[in-house]
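These are the residues of each chain, in order.
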Amino acid sequence: MHFSLLLLGVAGLSHGLSTNNHVSRCGNPEPSIGLQEVSRRLSVEENQARVFGLYTKTTLAVDVYFHTISASSDTLLSDPTLNEQFNILSQDYGVYGINLNLAGISKTVNATWSRFEDQLGMKTQLRNGTYKDLNIYFLDSVGGAYGVCTYPLNTTAGSTDFYLDGCTVLATTVPGGTEKPYDLGKTATHEVGHWFGLFHTFNNGCNGGDEVDDTPPQATATYGCPASKDTCPDKPGEDPIHNYMDYSDDECMYEFTEGQINRILSFWTLYRS
Ligand SMILES: *[C@@H]1O[C@H](CO)[C@@H](O)[C@H](O)[C@H]1NC(C)=O
Ligand SMILES: *[C@@H]1O[C@H](CO)[C@@H](O)[C@H](O)[C@H]1NC(C)=O
Ligand SMILES: *[C@@H]1O[C@H](CO)[C@@H](O)[C@H](O)[C@H]1NC(C)=O
Ligand SMILES: [Zn+2]
């Protein structure tokens, strides 16, 4: 446990530091080689579907469970705050036909869990629904990051992977929270992108990419909100600094690409449907 927390800290440093207390924008490791290969295969299938006009746009309905866990009852997130966070998340995905439904809220006072310790114990107690259902845990601390989330994987109900599935988000990043400039609830939107199978837009830098064709390659994560940025000048397109899967300030991130939405649907069919 101590070892993995240490690794998370080091990953945070290598991704560059945010301005606030050396907290990393996202604790997600690079996706495994296996998952990147799956993504590359899906990319080929999606392109064929597009070329042959086979693409039928579908919509998705996902039940979401929110869990607030804190060291004391007065620092638990309130219903109005959780609803505001849900509305942000629901709008950000809803405009692309991914319809989220808030299916439940749980509130737990537990100092150990609120520090991101004994995650498996916590999630085994609290996780709701099946592998189709999204669980988001809002904690007082997320191991030195603003959030972290699991990628889709082949799993069976009741396994450790099944229980660990879901997103963990620092409670102070919700709308009206204290984590300026990450206080508009976009950390949740970013983390849920990972849950759906999306990688960072700067994954693998200029020569790799995120396996999504319409997000230009990007060498480094974006901080703040620059007017523009082009870290792979030899490749077409400027850095997708307004994309939810970059690291920009909350007010600066506001879009997914069509390719990312298609990827979400492909991943859903393969892993969660
Ligand atoms: C999960 O299972 C699917 C279907 O059998 C397979 O195509 C995919 O490669 C597997 N994913 C991983 C990461 O092993
Ligand atoms: C979520 O799961 C917990 C633990 O199994 C259960 O007590 C609770 O009723 C569930 N909540 C909902 C809304 O299904
Ligand atoms: C709080 O967390 C500890 C450590 O995982 C666990 O043993 C305990 O049962 C939890 N308490 C409650 C009330 O859930
Ligand atoms: Zn991330």
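Predicted model only: the values in this text are computed from it and were never measured.

1. Considerations on the site of ligand 1
Phase 1 of the analysis: Every residue lining ligand 1 is accounted for by Val38, Arg41, Asn154 and Tyr271.
Phase 2 of the analysis: Between an oxygen atom of ligand 1 and a side-chain N or O atom of Asn154, the distance comes to 2.6 Å.
Phase 3 of the analysis: One of the side-chain N or O atoms of Tyr271 is found 2.8 Å from a nitrogen atom in ligand 1.
Phase 4 of the analysis: Across the complex, the protein chains shield 52% of the 360 Å² of accessible surface that ligand 1 would expose by itself.
Phase 5 of the analysis: For the shell around ligand 1, the residue count by class is 2 nonpolar, 1 polar and 1 charged.

2. Here we look at helix 8 (residues 258-272)
Phase 1 of the analysis: Its 15 residues give helix 8 an end-to-end C-alpha distance of 20 Å, which sits within 8% of 21 Å, the value for a rise of 1.5 Å per residue.
Phase 2 of the analysis: Of all the 15 residues making up helix 8, 12 are buried; the element is thus mostly covered by neighbouring parts of the structure.
Phase 3 of the analysis: Burial in helix 8 covers these residues: Gly259, Gln260, Ile261, Asn262, Arg263, Ile264, Leu265, Ser266, Phe267, Trp268, Tyr271 and Arg272.
Phase 4 of the analysis: Each element contacted by the buried residues of helix 8 is listed here: helix 2 (33-51), strand 1 (60-70), helix 3 (79-94), strand 2 (98-109) and helix 7 (186-195).

3. Quick word on empty space enclosed by the protein
Phase 1 of the analysis: This model, assessed by the stated rule, comprises 2 cavities of 30 Å³ or more.
Phase 2 of the analysis: As a volume, the largest cavity reaches approximately 50 Å³.
Phase 3 of the analysis: Forming the walls of the largest cavity are Ser43, Glu46, Asn47, Arg50, Glu211, Val212, Asp213, Gly259 and Arg263.
Phase 4 of the analysis: At the level of secondary structure, the elements contributing two or more residues to the lining of the largest cavity comprise helix 2 and helix 8.

4. A closer look at the site of ligand 3
Phase 1 of the analysis: As a matter of local geometry, ligand 3 sits amid Asn110, Trp113 and Asp118.
Phase 2 of the analysis: Between ligand 3 and Trp113 there is a distance of 2.9 Å, counted from an oxygen atom to a side-chain nitrogen or oxygen.
Phase 3 of the analysis: A distance of 2.5 Å is found between an oxygen atom of ligand 3 and a side-chain nitrogen or oxygen belonging to Asp118.
Phase 4 of the analysis: Relative to its unbound accessible area of 360 Å², ligand 3 is 44% covered by the protein chains.

5. With respect to the UniProt feature "domain: Peptidase M43 pregnancy-associated plasma-A" (unreviewed entry) in the chain
Phase 1 of the analysis: Using the residue numbers shown here, the UniProt feature "domain: Peptidase M43 pregnancy-associated plasma-A" (unreviewed entry) corresponds to residues 183-265.
Phase 2 of the analysis: In the segment residues 183-265, helix accounts for 22% and strand for 0%; the C-alpha atoms at its two ends are 28 Å apart.

6. A short note on the sheet that holds strand 3 (residues 134-139)
Phase 1 of the analysis: Strands sit in the order 2-1-3-5-4 across an open sheet of 5 strands; the sheet is mixed. The two strands at the open ends of the sheet, each matched to only one other strand, are strand 2 and strand 4 (147-149). Going across the sheet, the axis of each strand differs from the next one's by a mean of 20 degrees, ignoring polarity.
Phase 2 of the analysis: Both strand 3 and strand 5 (residues 167-170) contribute to a ladder of 4 bridges, which runs parallel. Within strand 5, the position partnered with Tyr137 by the bridge is Thr168.
Phase 3 of the analysis: Sheet strands touched by helix 5 (residues 119-126): strand 1, strand 2, strand 3 and strand 5. Its angle to strand 3, the strand with the most contacts, is close to 125 degrees.

7. What to know about the packing of helix 2 against helix 8
Phase 1 of the analysis: One can describe the packing of helix 2 onto helix 8 by two numbers: an axis separation of 10 Å at closest approach and a directional angle of 115 degrees. Our classification of the angle between helix 2 and helix 8 gives roughly perpendicular. For the element pair helix 2 and helix 8, the recorded crossing hand is right-handed. From helix 2, Leu35, Val38, Ser39, Arg41, Leu42, Ser43, Glu46 and Arg50 reach across to helix 8, where they touch Gly259, Asn262, Arg263, Ser266, Phe267, Leu270 and Tyr271.
Phase 2 of the analysis: Looking at the contact of helix 2 with helix 8 residue by residue, the class counts come to 6 nonpolar, 5 polar and 4 charged.

Conventions we followed
Residues numbered from 1 in each chain as written. Chains lettered and ligands numbered in written order. Predicted model: local features only at pLDDT ≥ 70, side-chain atom pairs only at ≥ 80, totals over all residues. Heavy atoms only, no water. Near = heavy atom within 4 Å. Polar contact = N/O pair within 3.5 Å; in protein donor to acceptor, adjacent residues only side chain to side chain. Areas by Shrake-Rupley, 256 points an atom, 1.4 Å probe, with all protein chains shown as cover. Nonpolar A, V, L, I, M, F, W, Y, C, P; charged D, E, K, R; others polar. Helix = DSSP H or I, 4+ residues; strand = E, 2+ residues; numbered from the N terminus. Expected span 1.5 Å × (residues − 1). Buried < 20%, exposed > 50% of the residue type's maximum accessible area, 1.4 Å probe, protein only. Contact = heavy atoms within 4.5 Å. 1 Å grid on protein atoms, 1.4 Å probe; cavity = no way out; pocket = protein on both sides within 12 Å on 5 of 7 lines; lining within 4 Å. Points joined across faces, edges and corners; volume = space filled by probe spheres on them. UniProt positions renumbered as here; feature names shortened; annotations may be inferred. Pairing = 2+ DSSP bridges. Axes fitted to C-alpha atoms, helices over the stretch in contact; angles between N-to-C directions. Parallel < 35°, antiparallel > 145°, perpendicular 65-115°, else oblique. Left-handed = near helix turned anticlockwise from the far one by under 90°.

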